[in-house]
Structure formats: structure tokens, C-alpha cells
Amino acid sequence: MTTSKIASMHDAIAGLVRDGDAVAIEGFTHLICFAAGHEIIRQRKRDLTLCRLTPDVIYDQMIAAGVARKLVFSWLGNPGVGGLGAIRRRVEGAIPDQPLELEEYSHFGMVARYTAGAANLPFMPLRSYFETDLPKANPLIREIASPYSDETVYAVPPLNPDVSIIHAQRADAAGNTQIWGLLGCQKEAAFAADRVIVVVEELVDESVVRADPNRTVIPGLIVDAVVVDPFGAHPSYVQGAYDRDNRFYLDWDAITRDEANLQAWLRDWVYDLDGRAAYVQKLGPDRVASLRPAGSASSGAVDYGDYR
């Protein structure tokens with residue numbers, strides 16, 4: 001009999017995310033788990049190292065809440081809109097009691113780090129740093145001699161988060177997790193981590209997973225907790241469930257520019273709410289309905305009756 005890994009968001013974060021951990025909330029524009037980030041804020045976790053290819057709005061919120069001491073990243077910003085005020089203020093020392101250490105790579109450098117971590121390798125070689133100044137800024141990006149030629153390449157160290165948090169369309173109770181649509185490096189981040197939390201829009205029976213196995217990106221054997229939290233990726237999107245809330249990203253630009261406004265937003269939308277259901281209720285039915293996509297062949301609405 002399969003052991004259920006279903007947990008509430010509160011219990012998953014309380015049990016698996018510890019002060020001082022390295023935490024990765026991955027997802028490339030698509031499937032970014034804001035709900036988990038908000039729960040980490042609510043539980044006032046501290047001294048985290050936040051890892052992510054594109055630390056956008058969710059990490060701006062988490063860093064504004066004081067959960068992090070370090071950011072390991074590649075590109076950062078509010079996609080298509082502007083900067084991230086909370087991160088900038090802490091890097092520039094505008095809030096002296098909350099400094100933020102930075103460790104920067106290229107996108108491919110971060111992917112290579114997760115891949116090395118997932119494969120239990122001591123490093124990953126790559127060529128792409130020869131025409132950048134990143135090796136000067138980050139001493140962990142190092143030149144190495146090829147053992148097979150006279151070439152010199154760069155190497156990056158493995159990245160093994162203590163916890164990786166992945167959002168997905170669906171999973172079964174054992175944690176077998178299915179994703180479709182735009183992928184980032186969720187699989188690599190999950191395999192590289194010591195502990196894995198999967199957050200999904202829908203819990204399905206094992207038979208549904210078995211009927212369409214090509215969608216299974218993360219196997220249950222590496223998953224520690226399955227959290228069912230619909231709309232948990234808002235304002236990012238989940239293909240087949242809801243669209244990206246572009247209005248939110250535009251609104252965030254004004255919020256993040258002012259520390260007092262940002263802290264007020266955190267009180268209203270995170271601290272004063274007890275979870276994602278309350279957040280969705282606060283958004284209101286009209287806003288939620290406006291983000292529902294039209295039906296499409298890629299929506300994931302598959303009839304599995306013929307395959308069972």
C-alpha cells in the first residue's frame with residue numbers, strides 16, 4: 001500500500017524548512033510557488049539562503065520580510081516591468097540591520113550547478129564565462145584544465161538545496177508529480193535537494209498518473225510532502241488552470257519602490273491571512289475568473305477513461 005505524503009502548507013513548511021536552510025523555489029515564469037513563499041514569511045523563518053534562476057517578485061517579498069541572509073541567483077528583476085526595491089535596498093545598505101549577501105551566476109551556470117548537485121558531481125564545466133566579468137565578481141566560478149585536451153574551461157560547484165519547492169499541475173498522494181507547459185529546472189532542483197515539497201493544483205489518483213506517464217517530471221520517491229493548494233502560483237501562471245496576472249506585476253513596481261508600502265502589503269496579503277484560500281478570497285471572484293484560460297488541447301483536460 002502506498003504511503004500518503006499529503007500535508008497542509010503550514011505543516012510542510014514547519015516540518016521541512018528550517019532556519020539557516022538553503023531553499024530553492026523554482027519555476028521559470030510558469031509555476032512559481034508564491035503560496036509556499038508566503039507561508040515561509042508567515043512562519044518567520046530566518047537566515048535562509050534563497051536560490052533561484054530568476055528571483056523575481058516572490059523573493060523580493062521574502063527578502064522584504066527578513067527571511068534571507070543570502071541570495072544565489074542569475075538574473076533578477078520584475079519581469080517586463082522593472083526592478084526589485086526590497087532586494088536593492090538591502091544590497092545598497094538602506095536597511096542596515098538586514099544586509100543581503102549575493103552570489104551571482106549566469107542562467108546556464110545555475111542550471112549547471114543544479115545538474116551537478118542532482119548527479120552528485122563535484123563540479124560542472126561550461127564555456128560561457130570567457131566573455132563576462134562574472135568570474136571576477138564570483139570566485140566560485142573557476143578556470144580548470146580539460147583532462148582530454150589543452151583547453152581551459154570554467155567550472156561551477158554543485159548546488160544542493162536543503163529544500164526545493166516545486167509547483168505543478170497535479171500529483172498523486174505518493175508524490176508522483178506531473179507538469180506540462182513551460183519548464184525551468186524544476187526536475188534538477190528537486191533531485192539536487194535533500195528535501196522536496198511539491199505544491200499542486202490538483203490531487204489525482206495513481207491511475208491518472210499511470211495513464212499519462214510522460215507528464216511525470218518528479219517521481220514520488222524523492223518527494224517528502226505533497227501540498228494541494230489551488231491558485232498557489234498566483235500571480236505567475238499554471239498552464240491549463242490560470243493565466244499570468246500581468247496587472248499584479250505592474251502594480252508591484254510601485255509597491256516595491258517604497259519600503260513602508262511594501263511592508264503594508266505584506267501585512268494585508270500575507271501576515272493577516274491564514275493561507276492561500278484566504279488570499280484567493282481577498283483577490284475576489286472577478287479577478288480570479290478573469291485569469292481562467294479558454295479550453296485548449298494543451299490544457300491538460302484529458303479524458304483518461306479509455307486508458308484505465
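Just so it is clear, the model here is predicted, and its values are computed rather than measured.

Cut-offs applied
Residues numbered from 1 in each chain as written. Predicted model: local features only at pLDDT ≥ 70, side-chain atom pairs only at ≥ 80, totals over all residues. Heavy atoms only, no water. Buried < 20%, exposed > 50% of the residue type's maximum accessible area, 1.4 Å probe, protein only. Helix = DSSP H or I, 4+ residues; strand = E, 2+ residues; numbered from the N terminus. Pairing = 2+ DSSP bridges. Disulfide = S-S within 2.5 Å. Contact = heavy atoms within 4.5 Å. Phe/Tyr/Trp six-rings, centres within 6.5 Å; stacked < 30°, edge-to-face > 60°. Lys NZ or Arg CZ within 6 Å of the ring centre and 35° of its normal. Core = buried A, V, L, I, M, F, W, Y, C linked by side-chain atoms within 4.5 Å.

### Focus on the pairing of strand 8 (residues 163-171)
- The element strand 8 is largely enclosed, with a buried count of nine among its nine residues.
- Examined bridge by bridge, strand 1 (residues 22-25) and strand 8 share three bridges and lie parallel to one another. Considered in strand 8, the bridge of Ile-25 is made with Ile-165.
- In this structure, strand 8 lies alongside strand 10 (residues 195-203), joined through eight bridges in parallel fashion. Within strand 10, the position partnered with Ala-168 by the bridge is Val-200.
- Where strand 8 meets strand 9 (residues 177-178), two bridges bridge the pair, whose relative direction is antiparallel. Looking at strand 9, one finds that Ala-171 is bridged to Thr-177.
- Between strand 8 and strand 9, which pair antiparallel and follow one another directly, the connecting turn spans five residues, one of which, Gly-175, has a positive phi of 100°.

### Quick word on the state of the cysteines
- For the structure shown, the criterion picks out zero disulfides.
- Cys-185 provides the cysteine sulfur closest to Cys-51, a residue in no disulfide bond, and the two sulfurs are 11 Å apart.
- Classification of Cys-185 as buried rests on a relative accessible area of 2%.

### Thoughts on helix 9 (residues 246-256)
- Within the span of helix 9, buried status applies to Phe-248, Tyr-249, Trp-252, Asp-253, Ile-255 and Thr-256.
- Packed against the buried residues of helix 9 are helix 2 (34-42), helix 3 (57-64), helix 4 (85-91), helix 10 (259-271), helix 11 (276-283) and helix 12 (285-290).

### As for the packing of aromatic side chains
- Applying the stated rule across the entire model yields nine aromatic pairs.
- Ring centres of Phe-248 and Tyr-249 lie 6.2 Å apart, and the angle between their planes is 75°; on these two criteria the pair is classed as edge-to-face. Both residues of the pair, Phe-248 and Tyr-249, count as buried.
- Note on Trp-269 and Tyr-279: the rings are 5.4 Å apart at their centroids and 70° apart in plane angle, and the pair reads as edge-to-face. Here Tyr-279 lies in helix 11 and Trp-269 lies in helix 10, a separation of ten residues in the sequence. Grouping residues by exposure puts Trp-269 and Tyr-279 together as buried.
- What links up through ring pairs into an aromatic cluster is the set Phe-248, Tyr-249, Trp-252, Trp-265, Trp-269 and Tyr-279.
- Positioned over the ring face of Tyr-249 is Arg-244, at 3.8 Å from the centre of the ring.
- Sitting over the face of the ring of Trp-269, Lys-282 holds its NZ or CZ atom 5.0 Å from the ring centroid.

### Some thoughts on the environment of Phe-231
- Relative to the elements of secondary structure, Phe-231 occurs in the loop between strand 12 (225-228) and helix 9.
- Linking Phe-231 and Arg-287, residues 56 residues apart in sequence, is a C-alpha distance of 12 Å.
- Setting aside anything within four residues of it in sequence, one finds Phe-231 in contact with Glu-201, Tyr-242, Arg-276, Val-280, Leu-283, Val-288, Leu-291 and Arg-292.

### Digging into the nonpolar core
- The biggest cluster of nonpolar side chains holds 72 residues, and the ones touching the most others in it are Ile-40, Leu-50, Met-62, Val-67, Ile-165 and Ile-197.
- Sorting elements by how many residues they give to this core places helix 3 first, with six residues.
- For Val-67, the contacting residues outside a window of four places in its chain are Ile-40, Ile-41, Lys-45, Arg-46, Asp-47, Leu-48, Leu-50 and Met-62.
- In terms of nonpolar packing, the next biggest core, distinct from the first, is built from 20 residues, Tyr-129, Ile-141, Val-156 and Ala-189 among them.

Remember, this is a structural readout, not a statement about activity or role.
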